[in-house]
Amino acid sequence: MNTSRRILLTGLAGLAVAPAAVAAAPSSEPGDVTVAEERFARTIAAAHAPDINCARQAERYADAHWPEYVVAARAVIGARV
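Because the structure is predicted, anything quoted here is derived from the model rather than measured. (Residues numbered from 1 in each chain as written. Predicted model: local features only at pLDDT ≥ 70, side-chain atom pairs only at ≥ 80, totals over all residues. Heavy atoms only, no water.)

Here's the deal with the pattern of salt bridges
What counts here: A pairing counts as a salt bridge when a side-chain nitrogen of Lys or Arg comes within 4 Å of a carboxyl oxygen of Asp or Glu. Numbering goes from the N terminus for both helices and strands, where a helix is a DSSP run of H or I of at least four residues and a strand is a run of E of at least two. Relative accessibility decides the category of a residue: with a 1.4 Å probe and only protein chains considered, values under 20% of the type maximum give buried, values over 50% give exposed, and everything between is partly exposed.
Counted under the stated rule, the structure contains three salt bridges. The salt bridge partner of arginine 42 is aspartate 63, with a shortest N-O separation of 2.4 Å. Here arginine 42 is found in helix α2 (residues 35–47), whereas its partner aspartate 63 is found in helix α3 (residues 55–65), with 21 residues between them in sequence. Its relative accessible area of 25% is what places arginine 42 among the partly exposed residues. With a relative accessible area of 42%, aspartate 63 lands in the partly exposed category. Each member of the salt-bridge network shares a partner with another, and the members are Glu38, Arg42 and Asp63.

Here it is, written out as structure tokens:
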């Protein structure tokens with residue numbers, strides 16, 4: 001599976017779980033986030049970038065907005081367990 005398809009599918013998984021997770025869990029500080037949660041949150045954020053066709057713009061968007069996607073990342077990781 002190529003990288004852009006993987007990012008898109010991860011973003012869709014985060015988007016599907018995010019509404020319930022946001023209502024159930026409070027936002028967290030970047031200090032209490034595990035490495036796996038941060039990486040997954042960055043991947044979900046990159047998938048939701050305004051211009052996903054530009055890798056640099058998606059990466060910059062993910063760097064700026066990944067804390068907003070931590071709850072969704074935790075929900076997806078928790079659903080896998």
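Notes on the confidence of the model for the chain
What counts here: Confidence scores labelled pLDDT are given residue by residue by the predictor and lie between 0 and 100. Whether two residues touch is decided by their heavy atoms; if any such pair falls within 4.5 Å, the residues are in contact.
Per-residue confidence for the chain averages 74 on the pLDDT scale, and 60% of its residues sit at or above 70. Here residues 21–26 is modelled with pLDDT under 50, and outside its nearest four sequence neighbours on either side it reaches five contacts, counting other chains as well.

Let's talk about the packing of α2 against helix α4 (residues 70–80)
The relative placement of two packed helices is expressed as an angle between their axes plus a distance between the axes. Definition in use: Here an angle of 0 to 180 degrees is reported between the N-to-C directions of two axes, which are lines fitted to C-alpha atoms, with helices fitted over the stretch in contact. Should an angle fall under 35 degrees it is called roughly parallel, over 145 degrees roughly antiparallel, and 65 to 115 degrees roughly perpendicular, with every other angle called oblique. Crossings are sorted by hand: turned counterclockwise from the far helix by less than a right angle, the near helix makes the crossing left-handed, and turned clockwise it makes it right-handed.
Between α2 and α4, whose axes approach to 8 Å, the crossing angle comes to 110 degrees. If you check the angle between α2 and α4, you find them roughly perpendicular. Relative to α4, the crossing made by α2 is right-handed. Judged by residue contacts, Ala36, Glu37, Phe40, Ala41 and Ile44 of α2 engage Val70, Ala72, Ala73, Arg74, Val76 and Ile77 from α4.

Details of the environment of alanine 75
Structurally, the position occupied by alanine 75 is in helix α4. For alanine 75, a relative accessible area of 18% corresponds to the buried category. Distance from alanine 75 to glutamate 37, taken between C-alpha atoms, is 9.7 Å for residues 38 residues apart in sequence.

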